[in-house]
Amino acid sequence: MGLCFSRKSTIKKRPPSKRIMNQSGSNRWSSRFRSSKKEDSLTQDRALAAAILFQQQLQNGGGGGGGGGSVPFDRSTSLRYSNSSKSNKKNQGALPRSSSSRSRSLTDPLLHPHQLVNKELTIDDLETNHFVLVHGGGFGAWCWYKTIALLEEAGFKVTAVDLTGSGVHSFDTNSIISLSQYAKPLSDFLEKLDDGEKVILVGHDFGGACISFAIELYPSKVSKAVFVAATMLISGQSALDIFSEKMKSNDLMRQSQIFIYANGNDKPPTAIDLDKSLLKDLLFNHSPAKDVALASVSMRPIPFSPVLEKLCLSDIKHGSIRRFYIETTEDNAIPIALQQSMISQNPPERVFHLKGADHSPFFSKPQALHRILVEISTIPST
């Protein structure tokens, strides 16, 4: 995630929540009713997250080692989502309308794939219909659950990867000593793709540096790279270089940081945690309360060493892949000015804007993010 490092951390107290009195009946019963609805909603989201993890274990049971010395782990480091054969038959035609019963936000309307592309276009006409979603620092594959559902509903294949020490990956975050170790689940996944198979890599936050690292290793496996409010670095840069230059005035970020010194206070930090009481203001200032609740119980510390590591990117490999950037205009973690600075320094093929999106558009603007991803998948080679 966007980091501006400072060891000083202040915790702000949240104001007490306000209760709205029910004028038509007993306040006692209405309060219980509202509480029950909120609990049910949160329970449903947790159940969804649990179902995703359970599906992961059933479909991909395998090792989750994060490098040398890792503890054996009986769950996959990545989540594969594939449509059933019946669903695939339905999706062989033109890109379908959504059949979802989810309520639609007026500020985040769903635009169906058929509204974006030629009506004669089918999934099979695309260079690839496979998205690989890479989370940011502290997040996990769980954060993409809305994006996964929307893309699969439109007929795409989706894989969401848990990087080492993230999500359900059991490796200790404090033991991660390099970017290659942190991004190993992603590089392993790309290495195992069939010859000639390509994917669209989507990186959020520090996941941007991870997809750049992976592209340099396996450029022939990547069709396009999409950076969503992400670190889009040039060769010789580290994430720390970017953030330390541009985010010195980000008081909220400094207040949120909690440094972890697993090797002792006289040694460099091993990881960074974020103050849970400030998560909403920093990462989810426009996101639904249920998603903030999900994140507050799911986020893990961010390994420190990968943030320090400078990337080595070549024109012949990394430079050969088409890049796209998605800006988030209401971002408090990687402010829009910093996003535009990275874009100016290393221009992608196209820039998209998510108006009103916070740092986590997969929560705050899932429909609009979905629309842009589908659009990018249909952009032909020049």
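Rules of the game
Residues numbered from 1 in each chain as written. Predicted model: local features only at pLDDT ≥ 70, side-chain atom pairs only at ≥ 80, totals over all residues. Heavy atoms only, no water. Helix = DSSP H or I, 4+ residues; strand = E, 2+ residues; numbered from the N terminus. Buried < 20%, exposed > 50% of the residue type's maximum accessible area, 1.4 Å probe, protein only. Contact = heavy atoms within 4.5 Å. Areas by Shrake-Rupley, 256 points an atom, 1.4 Å probe, with all protein chains shown as cover. Axes fitted to C-alpha atoms, helices over the stretch in contact; angles between N-to-C directions. Left-handed = near helix turned anticlockwise from the far one by under 90°. Phe/Tyr/Trp six-rings, centres within 6.5 Å; stacked < 30°, edge-to-face > 60°. Pairing = 2+ DSSP bridges. Salt bridge = Lys/Arg side-chain N within 4 Å of Asp/Glu carboxyl O. pLDDT = per-residue confidence, 0-100. Core = buried A, V, L, I, M, F, W, Y, C linked by side-chain atoms within 4.5 Å. Expected span 1.5 Å × (residues − 1). Parallel < 35°, antiparallel > 145°, perpendicular 65-115°, else oblique. Nonpolar A, V, L, I, M, F, W, Y, C, P; charged D, E, K, R; others polar.

Residues and numbers for the overall build of the protein chain, please.
Assigned secondary structure in the protein chain consists of 14 helices and 10 strands. Per-residue burial over the protein chain gives 51% buried out of 382 residues. Contacts in the protein chain between residues far apart in sequence, at least 24 positions, make up 75% of those at least 6 positions apart. Put simply, the protein chain shows about 17,600 Å² of open surface, and 51% of that area lies on carbon and sulfur atoms.

I'd like a rundown of the packing of helix α5 (residues 184-191) against helix α6 (residues 207-217), residues and numbers included.
α6 packs onto α5 with a crossing angle of 35° between their chain directions and a minimal axis gap of 10 Å. Regarding α5 and α6, the two cross each other, and that crossing is right-handed. Every residue of α6 that contacts α5 at Leu186, Ser187 and Leu190 is listed here: Cys210, Ile211, Ala214 and Leu217.

Describe in detail the packing of aromatic side chains, supporting the description with residues and values.
Using the criterion set out here, one finds 11 aromatic pairs in the structure. Centre to centre, the rings of Phe362 and Phe363 are 5.0 Å apart; their planes meet at 85°, and the pair counts as edge-to-face. Summarising the burial analysis for this pair, Phe362 and Phe363 share the class buried.

Describe in detail the sheet that holds strand β8 (residues 302-303), supporting the description with residues and values.
Reading across the sheet, the three strands line up as β6-β7-β8 and stay open at both edges, with antiparallel pairing between neighbours. The open sheet has two edge strands with one neighbour each: β6 (257-260) and β8. Pairing geometry for strand β7 (residues 271-274) and β8, over two bridges, is antiparallel. Bridge pairing links Ala271 to Pro303 in β8.

Give me the lowdown on the pattern of salt bridges, citing residues and values where you can.
One pass over the structure, following the stated rule, counts eight salt bridges. Notably, a salt bridge pairs Lys184 with Asp188, separated by 2.8 Å at the nearest N-O pair. One end of the pair, Lys184, and the other, Asp188, are both in helix α5, four residues apart, so they sit about a helical turn from each other. Assessed through its relative accessible area of 29%, Lys184 is described here as partly exposed.

Explain the confidence of the model for the protein chain residue by residue, including any values.
For the protein chain, per-residue confidence averages 78 on the pLDDT scale, and residues scoring 70 or more make up 66% of the total. In this model residues 2-37 is a low-confidence stretch, pLDDT under 50, and it forms 51 contacts with partners more than four residues away in sequence or in other chains.

So what's going on with the nonpolar core? Which residues, and what values?
Among the nonpolar cores identified, the biggest contains 47 residues, and Trp144, Val202, Leu283, Phe284 and Ile326 are the most heavily contacted of them. The element best represented in this core is helix α14 (residues 366-378), accounting for six residues. Once residues lying within four places of it in the same chain are set aside, the contact partners of Trp144 are Leu133, Val134, His135, Ala160, Val202, His204, Phe362 and Leu369.

Could you give an account of α14, with specific residues and numbers?
Here α14 contains 13 residues, and its C-alpha end-to-end distance of 19 Å stays within 8% of the 18 Å for a straight helix at 1.5 Å per residue. Buried within α14 we find Pro366, Gln367, Ala368, Leu369, His370, Ile372, Leu373, Val374, Glu375, Ile376, Ser377 and Thr378.

Can you lay out the pairing of β7 for me, pointing to particular residues and giving the numbers?
One ladder, built from four bridges, connects β6 with β7; its direction is antiparallel. Opposite Ile258, over in β7, you have Asp273 as the bridge partner.

Please provide a residue-by-residue account of the packing of helix α3 (residues 145-153) against α14, values included.
Between α3 and α14, the least distance of the axes is 10 Å, while the angle of their chain directions is 50°. Regarding the angle of α3 to α14, the classification is oblique. When the axes of α3 and α14 are compared, the crossing they make is right-handed. Contacts between α3 and α14 pair Lys146, Thr147, Leu150 and Leu151 from the former with Pro366, Gln367, Leu369, His370, Leu373 and Val374 from the latter. By residue class, the composition of the contact of α3 with α14 is six nonpolar, three polar and one charged.

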